[in-house]
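What follows is each chain in one-letter form.
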Amino acid sequence: MTAVPETPSSLKTTATAVQETDMTSPSDAATGGTKTPQVSFREAPALTSPVFEVGGLSVFYGDHEAVRDVNMTIGERQITAMIGPSGCGKSTVLRCFNRMNDLIPTARVAGKIHYHDEDLYGRDVDPIEVRRRIGMVFQKPNPFPKSIYDNIAYGPRVGGFRGNLDDLVEETLTHAALWDEVKDKLKTSALALSGGQQQRLCIARTIAVKPEVILMDEPCSALDPIATAKIEDLMEHLAQEFTIVIVTHNMQQAARVSHRTAFFTADVDDKGVRHGRLVEYDETELIFSNPCDQRTEDYISGRFG
Amino acid sequence: MTASDASSAAGAVSRSLRRTRPRYGEAVIKGMLLTAALVSVATTVGIVVSLIPPAVEFFRTVSVSEFLTGTQWTPLFAEKHFGVLPLVAATLVITSIALLIAIPVGLGAAIYLSEYADPRLRQWLKPSLEVLAGIPTVVYGFFALAFITPLLKDILPSGWTLDVRNGLAAGLVMGVMIVPTIASLTEDALSAVPHALREGSFALGSGKRTTSVRVVVPAALSGIVAACVLGISRAVGETMIVLIAAGVSAEFTIKPLGEMETMTAFIARAASGDVPVGSISYNTIFAVGALLFLATFVMNLISIRLVRKYREVYE
Ligand SMILES: Nc1ncnc2c1ncn2[C@@H]1O[C@H](COP(=O)(O)OP(=O)(O)OP(=O)(O)O)[C@@H](O)[C@H]1O
Ligand SMILES: [Mg+2]
């Protein structure tokens, strides 16, 4: 059973509108390297040079082993999607990649995460430097209660940016496809923006510090389809420069935007404790068209439990 | 809807939506709450109104300009002078000393508790800080007189002569008294800032200090200003400490090493003496009281303005 994305055609860029209305069977569209970006999977899923190498990763909250023995490699300038049922540890794993878990007092990480061959949890590693290079966008837009301009300028200022801040703000907002919407109200509060605009502002804020990787935890879950489509476009655009890891509950979104997909689920052990596990990790096309594991197939085709 | 309603409702499609039983409870509660609100407003208004006639009477005898610009204050003496500046100066000096202690320490304690302290430590530290706020001010006053002044005498350079009662000790101890008020309210304001904002800041590669100073504190600013204003009001209105530790001299000075009498201390002293109702001394108390009220009122107005202007609304 394949779950193939059905993009509402009107929400996408109009350049390839003809192909979007193509009524051929979804599985046909999904095969081959045809240039139909709205319907087919992403091309070039061959693993590029590794950015993160994860080996035997377990994460504990207190005594609870929330995630157990995750092994995966994340490629440079690719979009990697993490999917799976709620509570299986997607956010937990994602937050290991920029050491956000350090901020949770009870959280403890075991196993190996190497970032470009450097141990992310090594003794001398500065978590602040890690987060400067590995940015994060959250599920709920969280702009600072400052002006639009100051939201973008915050990271560079904190990082000691020397240069023309005005130019940087314009360039960043343009990059995030938000400039035209906000250029006349840069000094107004970011909270006056719509949810979708706020989320793009948060993405812009993240790329303003010129990170190498962007982690996104369900960035579109609070957004309507139009705003979602805009952010997906933005991600594809950003993937030319950045490595992106995205957690999503939206299967179509994973299929549409990602090169590789990791499917997580939670096992219940004999004591009734849930442990998150990585079930399957492969090219997105394979995961969606021909998964190896029955649980993956059940999940993506909508058959749970 | 009651349980029996619910069970019988299963089949009854066309049950009316109209209320079957009047809800008296709501009305009673609402009435009680309204009364409570009105009582507090009415009391305030009542106090203000009762201040006015004696104060007006006072200004029939003493001109407003003499009152506000005179530098001699001897309303209870045979030779009466009604220049309030010595009292105002004493109030300002002692309040400033108190705030110089209370605002930095209070904000520092609050930021520590909310942003840095281990949750277990905070659980223990914050209540014990709040206990400080429960100590009667007369105890603070005595503490200033009996411990702080002698201590200051030892510490201060030998050339500085410190009176037994002085503004400095009173101000310092008053500062300590206000710390818990400012710290506790500020901590509430800081803790109310959504965690997501802090995460947003950390995710951009800023540390704890930057996050606290540039994101959390600005987002909590209106609460912090409110905490400080309450602290100032407490300092300006504090009576017991100054009465005990600062003395009664009504000399016009800003030097806190000698005796100083604040507006509140004067009111307390005059009112506890023998003052015939309607006499000029009696009316003087109300004139000073009205000035005190006006000062705190204006301060509150200014702070409301400030808060509106600078706060960052996060919801
Ligand atoms: N701060 C925390 N303290 C304790 N346990 C936590 C914490 N955060 C997550 N957990 C636990 O870790 C497990 C995985 O949670 P996580 O948030 O990573 O799941 P998720 O896959 O992101 O779920 P969702 O799709 O609902 O966001 C859950 O059992 C959760 O209860
Ligand atoms: Mg999550």
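Presented here is an overview of the structure given in this document. Everything numeric in this text was worked out from a predicted model, so none of it was measured. Note that residues are indexed from 1 along each chain, following the sequence as it is written. Chains and ligands are labelled sequentially in the order written, the chains with letters from A and the ligands with numbers from 1. The model is predicted, so local features are restricted to residues of pLDDT at least 70 and side-chain atom pairs to those at 80 or more, both for listing and for counting; the totals for chains, interfaces and linings are taken over all residues. Excluding hydrogens and water, the side-chain values take into account all heavy atoms of the structure.

## Section: the overall build of chain B
Right, on to step 1. Strands are runs of DSSP state E lasting at least two residues, helices are runs of H or I lasting at least four, and both sets are numbered from the N terminus onward. Across its full length, chain B holds 13 helices and zero strands.
Right, on to step 2. Going from the N terminus to the C terminus, chain B shows its helices and strands as α-α-α-α-α-α-α-α-α-α-α-α-α.
Right, on to step 3. The C-alpha atoms of chain B give 26 Å as radius of gyration, which overshoots the globular expectation for 315 residues (20 Å, by more than 25%).
Right, on to step 4. For chain B, the spread of C-alpha atoms along the principal axes amounts to about 90 × 55 × 35 Å.
Right, on to step 5. Under the scheme applied here, a residue whose accessible area is under 20% of the maximum for its type counts as buried, over 50% as exposed, and between as partly exposed, the area being computed with a 1.4 Å probe on protein chains only. In chain B, which comprises 315 residues, the share counted as buried stands at 41%.
Right, on to step 6. We call two residues contacting when some pair of their heavy atoms lies within 4.5 Å. In chain B, the proportion of contacts linking residues at least 24 apart, taken out of those at least 6 apart, comes to 70%.
Right, on to step 7. Accessible surface is estimated by sampling points in the Shrake-Rupley manner with a 1.4 Å probe; for residues, cover comes only from the protein chains shown. Of the roughly 17300 Å² of accessible surface on chain B, 67% is carried by carbon and sulfur atoms. We compute the radius of gyration from the C-alpha atoms alone; for a globule the expected value is 2.2 Å times N to the 0.38, where N is the number of residues.

## Comments concerning the side chain of A:Arg95
Right, on to step 1. Topologically, A:Arg95 is positioned in helix α3 (residues 90–97).
Right, on to step 2. With sequence-adjacent residues up to four places away left out, A:Arg95 is seen in contact with A:Met100, A:Asn101, A:Ile104, A:Met136, A:Phe138 and B:Glu199.

## Here's the deal with the interface of chain B and chain A
Right, on to step 1. Counting residues at the interface gives 20 residues for chain B and 23 residues for chain A.
Right, on to step 2. Note on definitions: buried area is the accessible-area loss of two parts on being combined, 1.4 Å probe, summed for both. Of all residues in chain B, the largest losses of buried area upon contact with chain A belong to B:Glu199, B:Ala203 and B:Leu204, amounting jointly to 34% of the total for that side.
Right, on to step 3. Between B:Glu199 and A:Arg95 there is a salt bridge; the shortest N-O distance is 2.9 Å.
Right, on to step 4. Here a polar contact is recorded for every N or O atom pair within 3.5 Å, except that within protein the pair must consist of a potential hydrogen donor and a potential acceptor, and residues adjacent in sequence are included only if both atoms are side-chain atoms. Where chain B packs against chain A, one counts six residue pairs in polar contact (both at pLDDT 80 or more).
Right, on to step 5. With seven residues, the single largest contributor to the side of chain B that touches chain A is helix α8 (residues 195–203) of chain B.
Right, on to step 6. In the scheme used here, Gly and all other residues not listed as nonpolar or charged are polar, with Ala, Val, Leu, Ile, Met, Phe, Trp, Tyr, Cys and Pro taken as nonpolar and Asp, Glu, Lys and Arg as charged. Its residues placed into classes, the side of chain B that touches chain A shows 10 nonpolar, seven polar and three charged. Whenever a carboxyl oxygen of Asp or Glu lies within 4 Å of a side-chain nitrogen of Lys or Arg, that contact is scored as a salt bridge.

## Side note on the site of ligand 1
Residues and elements named next belong to chain A.
Right, on to step 1. If a single non-hydrogen atom of a residue is within 4 Å of a molecule or strand, that residue counts as near it. Neighbouring ligand 1 are 13 residues; Ser86, Lys90, Ser91, Thr92 and His249 lie closest to it.
Right, on to step 2. Here an oxygen atom of ligand 1 and a side-chain polar atom of Ser86 are 2.4 Å apart.
Right, on to step 3. Glu218 places a polar side-chain atom, nitrogen or oxygen, 3.3 Å from an oxygen atom of ligand 1.
Right, on to step 4. Surface burial for ligand 1 is 65%, taken as the share of its 620 Å² of free accessible area covered by protein chains.
Right, on to step 5. Breaking the shell around ligand 1 down by element, the ones donating at least two residues are β2 (64–75) and α3.
Right, on to step 6. The element that contributes the greatest number of residues to the shell around ligand 1 is α3, accounting for three residues.
Right, on to step 7. Its residues placed into classes, the shell around ligand 1 shows four nonpolar, seven polar and two charged.

## Quick word on the pattern of salt bridges
All names here are of chain B.
Right, on to step 1. Going through the model one piece at a time under the given rule, you end up with 20 salt bridges over all chains.
Right, on to step 2. A salt bridge links Lys126 to Asp188, with the nearest nitrogen and oxygen atoms 2.7 Å apart. One end of the pair, Lys126, is in helix α5 (residues 119–132); the other, Asp188, is in helix α7 (residues 167–191), with 62 residues separating them in the sequence.
Right, on to step 3. Judged by relative accessible area, which is 40%, Asp188 ranks as partly exposed.

## What about the packing of α7(B) against helix α10 (residues 221–237) of chain B?
The axes of two packed helices give the description: the angle between them and the distance between them.
All names here are of chain B.
Right, on to step 1. One way to put it is that α7 packs onto α10 with a least axis distance of 8 Å and a crossing angle of 160°. One way to sum up the angle between α7 and α10 is to call them roughly antiparallel. Between α7 and α10 lies a crossing of right-handed hand. Contacts between α7 and α10 involve Met174, Met177, Ile178, Thr181, Ile182, Leu185, Thr186, Ala189 and Leu190 from the first element and Gly223, Ile224, Ala227, Cys228, Leu230, Gly231, Arg234 and Ala235 from the second. An axis is simply a line fitted to the C-alpha atoms; with a helix, the fit covers only the stretch in contact. Between two such axes, the angle follows the N-to-C directions and lies from 0 to 180 degrees. Each angle gets one of four labels, with under 35 degrees taken as roughly parallel, over 145 as roughly antiparallel, 65 to 115 as roughly perpendicular, and the rest as oblique. Helix crossings get a hand from a simple test, with the near helix turned counterclockwise from the far one by less than a right angle marking a left-handed crossing and a clockwise turn marking a right-handed one.

## What to know about the packing of aromatic side chains
Residue and element names in this part refer to chain A.
Right, on to step 1. When the centres of two rings from Phe, Tyr and Trp lie within 6.5 Å, Trp using its six-membered ring, the rings pair. Their planes under 30 degrees apart give stacked, over 60 give edge-to-face, and anything left gives tilted. Inspection of every chain in the model, using the stated rule, returns 13 aromatic pairs over all chains.
Right, on to step 2. For Arg108, the ring lying beneath its charged end belongs to Phe60, and the centroid distance is 4.4 Å.
Right, on to step 3. Directly above the aromatic system of Tyr281 lies the positively charged group of Arg260, at a separation of 5.2 Å from the ring centroid. Placement of a positive charge over a ring is assigned whenever Lys NZ or Arg CZ falls within 6 Å of the ring centre and within 35 degrees of the normal to the ring plane.

## Notes on a nonpolar patch on the surface
Right, on to step 1. Within the patch definition used here, like charges are joined within 9 Å and nonpolar side chains (Val, Leu, Ile, Met, Phe, Trp, Tyr) within 5 Å, considering only residues with over 30% relative accessible area and no salt bridge. A cluster of nonpolar side chains, contributed by B:Phe293, B:Leu294, B:Phe297, B:Val298, B:Leu301, B:Ile302, B:Ile304 and B:Leu306, occupies part of the molecular surface with about 700 Å² of accessible area.
Right, on to step 2. Along the chain, B:Phe297 turns up in helix α13 (residues 280–310).

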